[in-house]
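# Commentary on secondary and tertiary structure
Chain by chain, the residues:
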Amino acid sequence: MPERVAFIGLGIMGEPMAGHLLKAGHALTVHSRTRSRADDLLERGATWALSPAEAAERADFVFICVPDTPDVEEVVLGENGVARVARTGQVVIDHSTISPTVTRRIAESLLDHGVPFLDAPVSGGDSGARSASLSIMVGGEEPAFSRALPLLKRMGKTITHCGVSGNGQLTKLVNQILVAVTNLAVCEAITFATENGLDLPKTLTAVGGGAAGSWQLANLGPKMIAGDFAPGFMIKLQVKDLRLALKAAEDRGLTLPATSLVGDLFARALDEGRGREGTQALFAVVEETARKVER
């Protein structure tokens, strides 16, 4: 049955995700800081809203996909935020990757309005968003998750209810630790292969079918070889996610040495002006660092 849906945040991930909901026949209202990002959706029948509150006013489900914790706080709790018009019967679903602690605080604020808040960060990059094959990790009340599940299935293939509010964000941080550290391993391996004169495409084929195979190797390895650093997931967002992971680890008294190292390398890439490049651009930093070693 078609639902009234609002989608706030139409970046690399949000725009195609919203498009799947529209294609499924749901009445879609959208808002984004840059209106031009909505042009294709508006041409296909979506309605533009001037603010998050206006987008959410008549929606049964409100989806959010914005860059960072302060952005979600503003969208939900700000002067023109969703909470201003929140009403019993709505469900708010946040696909951003943000602080688990702040997630729980936002959830508590919305519950005062009788509105459940699901933290539902995603993994799969821009290709997963376009193909509706994302992995979606969801924290929050189970009844709200069950209500939202048919809509989430329009955008993802692996959808997991991870438990209470904040657990979706914590699970996403597990994902980001794995992604970032594996990315570093791919960068170092390709640097090693290059310096030893190996045929790089053949090398990726040879190792990719065995125990060394990974999403990062299969999808980012060829881009590293080609020098294609166009973003599927931007370095500036990876830096943010690793900061969140390390803060969550610190809160538990944990030290994560590999995550700290790759966080420093991504921070160096950001300092070099690579923030809007794809995470595969870490290869340029690793390669440069490796070649500085005295022989």
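Scoring rules and cut-offs
Starting afresh in each chain, residues are numbered from 1 along the sequence in its written order. Whole-chain, interface and lining totals are the exception, using all residues; otherwise, since this is a predicted model, local features are given only for residues with pLDDT of at least 70 and side-chain atom pairs are given and counted only at 80 or more. Excluded from the side-chain calculation are hydrogens and water; included are all heavy atoms of the structure. A fitted line through C-alpha atoms serves as each axis, taken over the contacting stretch for helices, and the angle formed by two N-to-C directions is quoted from 0 to 180°. Each helix is a run of H or I in the DSSP string that is no shorter than four residues. Each strand is a run of E no shorter than two, and both are numbered from the N terminus. Here a crossing is called left-handed whenever its near helix is offset anticlockwise from the far helix by less than a right angle, and right-handed whenever the offset is clockwise. Note on contacts: a residue pair is in contact if any heavy atoms of the two residues lie within 4.5 Å. Take the number of residues in a helix, subtract one, and multiply by 1.5 Å to get its expected span. Only protein chains enter the accessibility calculation, which uses a 1.4 Å probe. A residue is then buried if its area is under 20% of the maximum for its type, exposed if over 50%, and partly exposed in between. The arc in question is the one traced by the directions running from the helix axis out to the C-beta atoms. Should DSSP find at least two bridges between two strands, the strands are regarded as paired. For crossovers, right-handed means that the path from the first strand over the helix to the second runs clockwise, given strands pointing away from the viewer. Disulfides are defined in this document as cysteine sulfur pairs within 2.5 Å. A 3.5 Å cut-off defines polar contacts: any pair of N or O atoms within that distance qualifies, except that in protein one atom must be a possible hydrogen donor and the other a possible acceptor, and neighbouring residues in sequence count only when both atoms are side-chain atoms.

The next point concerns the packing of helix H11 (residues 235–251) against helix H12 (residues 257–271). Between H11 and H12, the least distance of the axes is 9 Å, while the angle of their chain directions is 150°. Considering how the two elements wind past one another, H11 and H12 form a crossing that is left-handed. Contacts between H11 and H12 involve Ile235, Lys236, Gln238, Val239, Leu242 and Leu246 on the former and, on the latter, Thr259, Ser260, Val262, Gly263, Phe266, Ala267, Ala269 and Leu270.

Okay, H12 next. Counted at 1.5 Å a residue, the expected span for H12 with its 15 residues is 21 Å, and the 21 Å between its end C-alpha atoms agrees. Among all positions in H12, only Thr259, Val262, Gly263, Leu265, Phe266 and Ala269 are buried. Within H12, the buried residues cover an arc of 165° as seen down the axis, which keeps them to one side. Turned more than 90 degrees off the buried face of H12, the exposed positions are Pro257, Asp264 and Asp271. Turning to H12, the residues buried within the fold contact helix H8 (167–195), H11 and helix H13 (282–291). After H12 finishes, the residue Gly273 shows a positive phi value of roughly 85°.

Of all the five residues making up strand E1 (residues 4–8), four are buried; the element is thus mostly covered by neighbouring parts of the structure. Taken together, the five bridges between E1 and strand E2 (residues 27–31) define a ladder with parallel strand orientation. By the bridge assignment, Ile8 is partnered in E2 with His31. Note that the unit made of E1, helix H1 (residues 14–23) and E2 has a crossover that is right-handed. As judged from the four bridges shared by E1 and strand E4 (residues 61–64), these two strands associate in the parallel manner. Among the inter-strand pairings, Ile8 is bridged to a residue of E4, identified as Ile64.

This brings us to the environment of Ile64. Structurally, Ile64 is set in strand E4. Separated by 57 residues in the primary sequence, Ile64 and Phe7 place their C-alpha atoms 5.9 Å from one another.

Turning our eyes to something else, we now look at the pairing of strand E8 (residues 134–139). Counted residue by residue, E8 has five buried out of six residues, so it is predominantly covered. Pairing of strand E7 (residues 122–123) with E8, which is carried by two bridges, proceeds in the antiparallel orientation. Of the residues in E8, the one forming a bridge with Ser123 is Ser135. In terms of strand pairing, E8 meets strand E9 (residues 156–163) through six bridges, oriented parallel. Within E9, the residue paired with Gly139 across the bridge is Gly163.

Tallying each qualifying case throughout the model produces zero disulfides. Cysteine Cys162 is unpaired, with the sulfur of Cys65 as its nearest cysteine sulfur at 17 Å.

Here Ala132, not a glycine, exhibits a phi torsion of approximately 60°, which is positive. Secondary-structure assignment places Ala132 in the loop between helix H6 (125–131) and E8.

Below, the discussion takes up the side chain of Gln90. For Gln90, the position within the fold is in the loop between helix H4 (69–77) and strand E5 (91–94). Here Gln90 falls in the buried class, since its relative accessible area comes to 0%. Side-chain polar atoms of Gln90 contact the backbone oxygen of Ala59, separated by 2.9 Å. Filtering out sequence-adjacent residues up to four positions away, Gln90 remains in contact with Ala56, Glu57, Ala59, Asp60, Val62, Val85, Val115, Pro116 and Arg147.

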